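# Notes for the structure review
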Amino acid sequence: MIGARSRRILITGGNAGLGLALAKKLARRHSLLLSGRKSQNEVAGTLPPGAGYVVADQSDPEKSALALVRGIRDFGWDGLDNAVLNAGIGIAAVDGVDSAEAIRQTLDVNLLAAILQARALFPLLKKSSGTLTLIGSVAHKGSATIPAYAASKAGLHGFARALRSEWKGQVAVQVLHPGPAKTDIHEKAGYDPGRMRALFLAPDDIAAMMASAIASRRSPATLSWVRYLNGGAFTGRRL
Ligand SMILES: NC(=O)c1ccc[n+]([C@@H]2O[C@H](COP(=O)([O-])OP(=O)(O)OC[C@H]3O[C@@H](n4cnc5c(N)ncnc54)[C@H](OP(=O)(O)O)[C@@H]3O)[C@@H](O)[C@H]2O)c1
């Protein structure tokens, strides 16, 4: 049963990792629509009860934006309180140089898709005076082994700053930069963090910091060990 203060929340990349951890945290209080590249059958059983799911493959950025808008309509929503554009990939560069294909894929999935999705979702967010949340990374400042990934996240950072001013008074915009978390993204990227992985935060802790940063609408916000050690996963505003 959804309570009176429940929100309609879209989370892209909501079938795994940080997106799924956030979805699980919010599922009891809010109405959720999740998206990903995998089919409905592939994700059946992994999503929180009651959450809707829409396939939106971001390797075709334009089609993914249309799929989200269609998915929202089919789910019966005529507005959106929160859009958390979280889906992302990394591809480790071989010898520090990304291939043209890897660069294009990374920028399409992480940056262009998010930009086109933000544009497509604007009318729905505006209707609800909602919040657009872009999930960046601490790597937006630059990171060896994943230069195209770092560029995509720097792009999101700049895009969020521009949009925050452009949409002022209509839709709140924020960018959140998580630090390293124990999800499968590194393995999928072909990058082995080795013993460093022991220092990565748990997805649930990053998700808790994401939730309170979303509730506060602050931007930009870094969600890493420093915030965690200051109690960031346990204090702060409740979403
Ligand atoms: N984990 C970290 O250390 C870390 C640190 C900083 C920032 N981040 C950022 O946090 C976000 C989530 O990362 P994560 O660690 O949770 O990664 P993850 O566990 O690998 O999950 C990635 C999510 O993105 C979706 N996705 C990937 N490619 C897609 C595509 N082409 N179209 C649609 N959806 C696609 C995946 O859906 P499918 O399973 O259907 O492909 C999955 O739901 C990303 O933006 C990432 O850059 C992560």
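Our structure's up above, just so we're on the same page.
Quick summary incoming for the structure in this document. Keep in mind that this is a model prediction, so the values were computed, not measured.

For the rest of this paragraph, the subject is the overall build of the protein. Each helix and strand in the protein was counted, giving 8 helices and 7 strands. On C-alpha atoms alone, the protein measures out to a radius of gyration of 17 Å, which is about the 18 Å that the 2.2 N^0.38 rule sets for 239 residues. Expressed along its principal axes, the backbone C-alpha trace of the protein runs to roughly 50 × 40 × 40 Å. Within the protein, the proportion of its 239 residues that are buried is 53%. For the protein, restricting intrachain contacts to residue pairs at least 6 apart in sequence, the fraction spanning at least 24 positions comes to 65%. For the protein, the accessible surface area stands at approximately 11,700 Å², while carbon and sulfur atoms represent 53% of it.

Attention now moves to the sheet that holds strand E5 (residues 131-135). The sheet built from 7 strands is open, its strands ordered E3-E2-E1-E4-E5-E6-E7 with parallel pairing. The sheet is open, and its two edges are formed by strand E3 (52-55) and strand E7 (221-223), each paired on a single side. Within the sheet, the average angular offset between the axes of one strand and its neighbour, ignoring direction, is 20°. As paired elements, strand E1 (residues 8-12) and strand E2 (residues 31-36) share 5 bridges and run parallel to each other. Each residue of the ladder has a partner; that of Arg8, found in E2, is Ser31. Where helix H3 (residues 61-74) meets the sheet, its contacts fall on E1, E2 and E3, and the angle it forms with E3 comes to roughly 150°. Docked against the sheet, helix H7 (residues 203-216) engages strand E4 (82-85), E5, strand E6 (172-178) and E7, running at close to 160° with respect to E6.

A grouping of Arg5, Lys25, Arg28, Arg29 and Arg238 is seen on the molecular surface, where their side chains present a positively charged patch. With respect to the helices and strands, Arg238 occurs in the segment after helix H8 (225-229).

Now for the environment of Ser35. In this structure, Ser35 sits in strand E2. Residues Ser35 and Gly52, spaced 17 residues apart in sequence, show a C-alpha to C-alpha distance of 8.4 Å. If near-sequence neighbours (up to four positions away) are discounted, Ser35 is found in contact with Ile11, Thr12, Gly13, Gly14, Asn15, Tyr53, Val54, Ala56 and Leu68.

Time to look at the site of the ligand. Lining the immediate environment of the ligand, one finds 32 residues, of which Asn15, Lys38, Tyr149, Thr183 and Lys188 sit closest. At 2.7 Å from an oxygen atom of the ligand is found a main-chain nitrogen or oxygen belonging to Leu18. Here an oxygen atom of the ligand and a side-chain polar atom of Lys188 are 2.7 Å apart. Across the complex, the protein chains shield 98% of the 880 Å² of accessible surface that the ligand would expose by itself. Secondary-structure elements contributing two or more residues to the shell around the ligand are helix H1 (17-26), helix H5 (147-166) and helix H6 (185-189). Looking at the shell around the ligand element by element, the count peaks at 3 residues for H6.

Using the criterion set out here, one finds 4 aromatic pairs in the structure. Taking the centre distance of 5.9 Å and the plane angle of 55° together, the rings of Tyr228 and Phe234 count as tilted. Three or more aromatic residues joined by ring pairs form one cluster here, namely Trp225, Tyr228 and Phe234.

The end-to-end C-alpha separation of H7 is 20 Å, in line with the 20 Å expected for 14 residues at 1.5 Å each. Summarising burial for H7: 11 of the 14 residues are buried, a large majority. Among the residues of H7, Asp205, Ile206, Ala207, Ala208, Met209, Met210, Ala211, Ser212, Ala213, Ile214 and Ala215 are the ones counted as buried. Immediately downstream of H7, the backbone of Arg217 shows phi near 65°, a positive value.

A separate point is the environment of Tyr149. Here Tyr149 shows up in helix H5. Residue classification places Tyr149 among the buried residues on the basis of a relative accessible area of 13%. Between the C-alpha atom of Tyr149 and that of Leu121, which follows or precedes it by 28 residues, the distance is 24 Å. Setting aside residues up to four positions removed in sequence, Tyr149 forms contacts with Ile89, Gly90, Thr106, Asn110, Ser137 and Ala139.

Criteria and thresholds
Within every chain, residues take consecutive numbers counted from 1 along the sequence as written. Reporting in this predicted model follows two pLDDT cut-offs: at least 70 for local features of residues, and 80 or more for side-chain atom pairs to be given and counted; totals over whole chains, interfaces and linings ignore these cut-offs and use all residues. Computation of side-chain values covers all heavy atoms of the structure but excludes hydrogens and water. Where helices and strands are cited, they refer to DSSP runs of H or I of at least four residues and of E of at least two residues respectively, numbered from the N terminus. Our radius of gyration looks at C-alpha atoms and nothing else; its globule reference is 2.2 Å times the residue count to the power 0.38. For every residue, the accessible area obtained with a 1.4 Å probe (protein chains only) is divided by the maximum for its type, and the residue is called buried under 20%, exposed over 50%, and partly exposed between those limits. Here, two residues are considered to be in contact whenever any of their heavy atoms come within 4.5 Å of each other. Computed with a 1.4 Å probe, the accessible areas rest on the Shrake-Rupley method; for each residue, only the protein chains presented here act as cover. We treat two strands as partners when DSSP finds at least two bridges between them. To get an axis, a line is fitted to the C-alpha atoms, and for a helix only the part in contact is used. The angle between two axes follows their N-to-C directions and goes from 0 to 180 degrees. By definition, no residue in a patch forms a salt bridge, and every one has over 30% relative accessible area; like charges are joined within 9 Å, nonpolar side chains (Val, Leu, Ile, Met, Phe, Trp, Tyr) within 5 Å. By salt bridge we mean one thing: a side-chain nitrogen of Lys or Arg within 4 Å of a carboxyl oxygen of Asp or Glu. In this tally, Asp and Glu contribute negative charge and Lys and Arg positive charge; neither His nor the terminal groups of the chain are included. Here the site of a charge means NZ on Lys, CZ on Arg, CG on Asp, or CD on Glu. Throughout, the term near means that a residue has one or more heavy atoms lying within 4 Å of the molecule or strand in question. Polar contact is defined as a pair of N or O atoms within 3.5 Å, subject to the rule that within protein one atom must be able to donate a hydrogen and the other to accept it, and that residues adjacent in sequence are counted only when both atoms are side-chain atoms. By convention, a stacked pair of Phe, Tyr or Trp rings (six-membered ring in the case of Trp) has centres within 6.5 Å and planes under 30 degrees apart, an edge-to-face pair has planes over 60 apart, and any other such pair is tilted. The span you would expect from a helix comes to 1.5 Å times its residue count less one.

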